[in-house]
Amino acid sequence: VANEDGPSGTFVGTPFPNPTTGGASLEVRLVEAGEVTVSIFDALGRQVREVRSGVVAAGSALSLSVPADGLAPGAYQVRVSGPSVTAVRSLTVLR
C-alpha cells in the first residue's frame, strides 16, 4: 500500500509482513534533508523502541528493519517523523 504523507515524492510504506512474529520491513523515501526518527509505540502511546534516529540526505530512500523481538503480542504504531513527513503505520505482533 503506497502512502504519501508530505511533499510530493515523500513516501512511507506499510510494514511488511503485517502481522508479524519477529520483525517487519518499512520503506521510507524523503525529499528533504534533516533529522528523521522512526519509533514504535504501544496501544497506550508509550514509546517502546526507537528504530532509527539520525540525519538523512535529501532524496534518501530507506529500507528499515522494524524489530518486534521482545514486544508483547498486540497492536503497535510505527511513527516516522522528519522535516518533510509525519506518518503513523499500524503493526500487529503475534507469537
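In the block above lies the structure referred to throughout.
Along every chain, residues carry numbers that run from 1 in the direction the sequence is written. It should be noted that, the model being predicted, local features are given only for residues of pLDDT at least 70 and side-chain atom pairs only at 80 or more, the latter also being counted only at that level, while totals for whole chains, interfaces and linings use all residues. The side-chain numbers reported here are obtained from all heavy atoms of the structure, hydrogens and water having been left aside.

S.K.: I'd love a proper account of the overall build of the protein, names of residues and values included.
M.R.: Runs of H or I in DSSP of at least four residues are treated as helices and runs of E of at least two as strands, each being numbered from the N terminus. When you go through the protein residue by residue, the secondary structure sums to 0 helices and 7 strands. Its helices and strands taken in sequence order, the protein reads β-β-β-β-β-β-β from the N to the C terminus. For 95 residues, the compact-globule estimate of 2.2 N^0.38 gives 12 Å, and the protein sits close to it at 13 Å. Dimensions of the protein, computed from the C-alpha atoms along their principal axes, are close to 35 × 25 × 20 Å. Each radius of gyration is computed over the set of C-alpha atoms, and the globule rule expresses the reference value as 2.2 Å times the number of residues to the power 0.38.

S.K.: Lay out the environment of R49 with the relevant residues and their values.
M.R.: Here R49 is to be found in strand β4 (residues 47–56). Put simply, R49 and V88 are 39 residues apart on the chain and 14 Å apart in space, counted from C-alpha to C-alpha. Other than its neighbours up to four places away in sequence, R49 contacts S39, I40, P67, A68, D69 and L71. A polar atom in the side chain of R49 sits 2.9 Å from the backbone oxygen of D69. Whether two residues are in contact is decided by their heavy atoms, any of which lying within 4.5 Å being enough. In the analysis that follows, any N or O atom pair within 3.5 Å is treated as a polar contact, provided that within protein one partner can donate a hydrogen and the other can accept it, and provided that, for residues neighboring in sequence, both atoms belong to side chains.

S.K.: How would you sum up the packing of aromatic side chains? Please name residues and give values.
M.R.: Aromatic contacts are taken between Phe, Tyr and Trp rings whose centres are within 6.5 Å, Trp giving its six-membered ring; a plane angle under 30 degrees counts as stacked, one over 60 as edge-to-face, and the others as tilted. As enumerated under the stated definition, the model contains 0 aromatic pairs in all. Here the basic side chain of R79 rests over the ring of F41, its NZ or CZ set 4.0 Å away from the ring centre. Distance and angle both matter: a charge sits over a ring if NZ of Lys or CZ of Arg is within 6 Å of the ring centre and within 35 degrees of the ring normal.

S.K.: How would you explain unusual backbone geometry if you had to name every residue and give the values?
M.R.: Note that the residue after F16, namely P17, is joined by a cis bond; omega there is -5 degrees. Tracing the backbone shows P17 in the loop between β1 (11–12) and β2 (23–29). Residue P19 is bonded to the preceding N18 through a cis peptide linkage, with omega at 10 degrees. Tracing the backbone shows P19 in the loop between β1 and β2.

S.K.: Outline the pattern of salt bridges, supporting the account with residue identities and numerical values.
M.R.: Put simply, a salt bridge is a Lys or Arg side-chain nitrogen that is within 4 Å of an Asp or Glu carboxyl oxygen. Summed over the entire model, instances satisfying the criterion amount to 2 salt bridges. Ionic pairing is found between D42 and R46, a salt bridge with its closest N-O pair at 2.7 Å. To sort residues, take the accessible area from a 1.4 Å probe on protein chains only and compare it with the maximum for the residue type: under 20% means buried, over 50% means exposed, and anything in between is partly exposed. Classification of D42 by relative accessible area gives buried; the value is 11%.

S.K.: Provide a residue-level description of the pairing of β4, including the pertinent values.
M.R.: Both strand β3 (residues 34–41) and β4 contribute to a ladder of 8 bridges, which runs antiparallel. Looking at β4, one finds that F41 is bridged to Q47. Note: two strands are recorded as paired if DSSP finds a minimum of 2 bridges between them. In this antiparallel pair of consecutive strands, β3 and β4, the connection spans 5 residues, and G45 shows a positive phi of 85 degrees.

S.K.: Describe the pairing of β2, naming the residues involved and giving the relevant values.
M.R.: Taking every second residue as pointing to the same face, the buried face of β2 carries A24, L26 and V28, while none of G23, S25, E27 and R29 on the other face is buried. In this structure, β1 lies alongside β2, joined through 2 bridges in antiparallel fashion. If you follow F11 over to β2, its bridge partner there is R29. Alignment of β2 against strand β5 (residues 61–67), held across 7 bridges, turns out to be antiparallel. Each bridged residue has a counterpart across the sheet, and for G23 the counterpart in β5 is P67.

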